[in-house]
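# Working through the structure, step by step
Here's the letter readout for the chains.
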Amino acid sequence: MLKFPEENPKELLKLFEEVYSNARIFYLLKTALDLNIFDYLDEFKSAEELARGLKTDPFLTEYILKILHKLGILEFKDNKYRNRGLANIYLRRDSEFNIITPLNYYFENIKNWENLKLILENKLKNKNESLGKMFSKVIKRMADECKCWELKKVLDYVSKYDEFKNAKKLLDLAGGHGLYAIGFSMLNENLKCYVFDLPEVIEETKKFIEKYNAKNVFTIAGDFYGDDIGSGYDIIFTSYNPGGKNPKIAKKVYDSLNKGGLFINKQFFLEVEENIMDYLNNMEWNFFRPKGLKKNKLRYTFEGDLKFSEYISYLKSIGFEILDIVDMSKLLDNEYYSSTKMIVAKKI
Ligand SMILES: C[S@@+](CC[C@H](N)C(=O)[O-])C[C@H]1O[C@@H](n2cnc3c(N)ncnc32)[C@H](O)[C@@H]1O
């Protein structure tokens, strides 16, 4: 008792204190979204006013507001709080650009981390859902995610090409929600757009086509590994497609394009693991192995995938000219996309 251990425990205590605080903030944000706090804060309100509206404890409600202010989500003036512009755009349910669905995905996913021991011991039952069912959920999240920034940036970028302006037929391969195809059809009225995806997913695509009343967007249900993807396309666009680094799919795309047509392929090309974030994300990627998806160890990579430089060489070898390689972190002004590239290749 009167002896000191060899090392001061402060480093370890600090680490736990820090991660515990981040976890508390995580659940505080979850609660703020669950209570739809941001729906109430389009105008300045005091903690008491908000607590009255929400029927919550005024004392704790005030702390939540203070913390949201310190996190940069709320403004504070004369003892009252209001959404910053960011919260109004992205965190209110009635905003066209709200990202509440994709954010809720974090709160859903954290449950796997609570069960990490069971996952490690292979004791957690793999959800036995089909690939189509799984992707039907994924694409709804991706639709909300992309429509507030990435979608418009990509549409604007692609629509600058003369090949796009003159195109008559476009394929959005593994298009999921179909928002890219829908957007392209709005930018070129002479364009017929086709969304190719798994049959179950296509049922969801149809709902998006209807929602946006997109008259020139059609669907093709199939599996791009085994089925015909059609022909005579002037543009084949594909985004975050599990076959997007696979040479067999690239060859299929080449054969389906008209001469002079463009292949625009936006993909995540992670080749090295650099930091804790990568390790965490790659662990998560390996938690479950849905049937029919041949995952490799690094996230978003699959059996048969080529590395970025190999993929580019392969495209050239089959007759594509590389017109551009877009660094998506620059296009989207977001470091998160540092491993994402959009390849623009022309069939010569
Ligand atoms: C990550 S999502 C990308 C959706 C959309 N392109 C985007 O960028 O937001 C991958 C898409 O690939 C589709 N997909 C996966 N495997 C497929 C296959 N074998 N044949 C056709 N589509 C497939 C999924 O259904 C899903 O829509």
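Residues numbered from 1 in each chain as written. Predicted model: local features only at pLDDT ≥ 70, side-chain atom pairs only at ≥ 80, totals over all residues. Heavy atoms only, no water.

Named according to an unreviewed UniProt entry, the protein chain is O-methyltransferase family 2 originating from Methanotorris igneus.

Of regular secondary structure, the protein chain possesses 16 helices and nine strands. Referenced to the eigenvectors of the C-alpha coordinate spread, the extents of the protein chain come out at roughly 75 × 55 × 35 Å. Per-residue burial for the protein chain yields a buried fraction of 44% across its 348 residues. Sequence separation of at least 24 residues holds for 66% of the intrachain contacts in the protein chain that already meet a minimum separation of 6. Accessible surface computed for the protein chain: about 20300 Å², of which carbon and sulfur atoms make up 55%. In the protein chain, the 55 positive side-chain charges and the 52 negative ones have mean positions that sit 2 Å from each other. (Helix = DSSP H or I, 4+ residues; strand = E, 2+ residues; numbered from the N terminus. Buried < 20%, exposed > 50% of the residue type's maximum accessible area, 1.4 Å probe, protein only. Contact = heavy atoms within 4.5 Å. Areas by Shrake-Rupley, 256 points an atom, 1.4 Å probe, with all protein chains shown as cover. Lys, Arg positive; Asp, Glu negative; His and termini not counted. Charge placed at Lys NZ, Arg CZ, Asp CG, Glu CD.)

Let us look at the sheet that holds strand β8 (residues 320–327). The strand order across the open sheet built from seven strands is β5-β4-β3-β6-β7-β9-β8, with neighbouring strands paired in mixed fashion. Each edge of the open sheet is held by one strand with a lone partner, namely β5 (217–221) and β8. Averaged over all neighbouring strand pairs, the angle between strand axes comes to 20 degrees, with direction disregarded. Examined bridge by bridge, strand β3 (residues 169–173) and strand β4 (residues 192–197) share five bridges and lie parallel to one another. When the sheet's bridge partners are listed, L171 is paired in β4 with Y194. Strands β7 (257–268), β8 and β9 (340–347) of the sheet are contacted by helix α15 (residues 308–318), whose axis makes an angle of about 150 degrees with β8. (Pairing = 2+ DSSP bridges. Axes fitted to C-alpha atoms, helices over the stretch in contact; angles between N-to-C directions.)

Burial within β7 is extensive, with nine of its twelve residues counted as buried. Strand direction decides the pairing type here: strand β6 (residues 233–239) and β7, joined by six bridges, are parallel. Across the sheet, residue I235 finds its bridge partner in β7, namely L262. Assessed by its sense of winding, the connection that carries the chain from β6 through helix α13 (residues 247–256) to β7 is right-handed. Looking at chain direction, β7 and β9 are connected through seven bridges and run antiparallel. Residue pairing in the sheet places Q267 in a bridge with K341 of β9. (Right-handed = clockwise from strand over helix to strand, strands pointing away.)

This part takes up the packing of helix α1 (residues 10–34) against helix α6 (residues 100–114). Contact geometry for α1 and α6: axes closest at 11 Å, N-to-C directions at 135 degrees. Put simply, α1 runs oblique to α6. α1 and α6 meet at a crossing whose hand is left-handed. Residues F26, Y27, L29, K30 and L33 of α1 lie in contact with α6, whose contacting residues are I100, L103, Y106, F107, I110 and E114. Of the residues belonging to the contact of α1 with α6, the class tally is nine nonpolar, no polar and two charged. (Parallel < 35°, antiparallel > 145°, perpendicular 65-115°, else oblique. Left-handed = near helix turned anticlockwise from the far one by under 90°. Nonpolar A, V, L, I, M, F, W, Y, C, P; charged D, E, K, R; others polar.)

Once that is clear, we can look at the site of the ligand. If you check the shell around the ligand, you find 18 residues, and the closest are A174, H177, D197, D223 and S239. Here an oxygen atom of the ligand and a side-chain polar atom of H177 are 2.7 Å apart. Contacts to the ligand include F224, whose backbone N or O atom sits 3.0 Å from a nitrogen atom. Here the ligand, which alone exposes 590 Å², has 96% of that area covered by the protein. Elements represented by at least two residues in the shell around the ligand include exactly α8 (131–147) and β4. (Near = heavy atom within 4 Å. Polar contact = N/O pair within 3.5 Å; in protein donor to acceptor, adjacent residues only side chain to side chain.)

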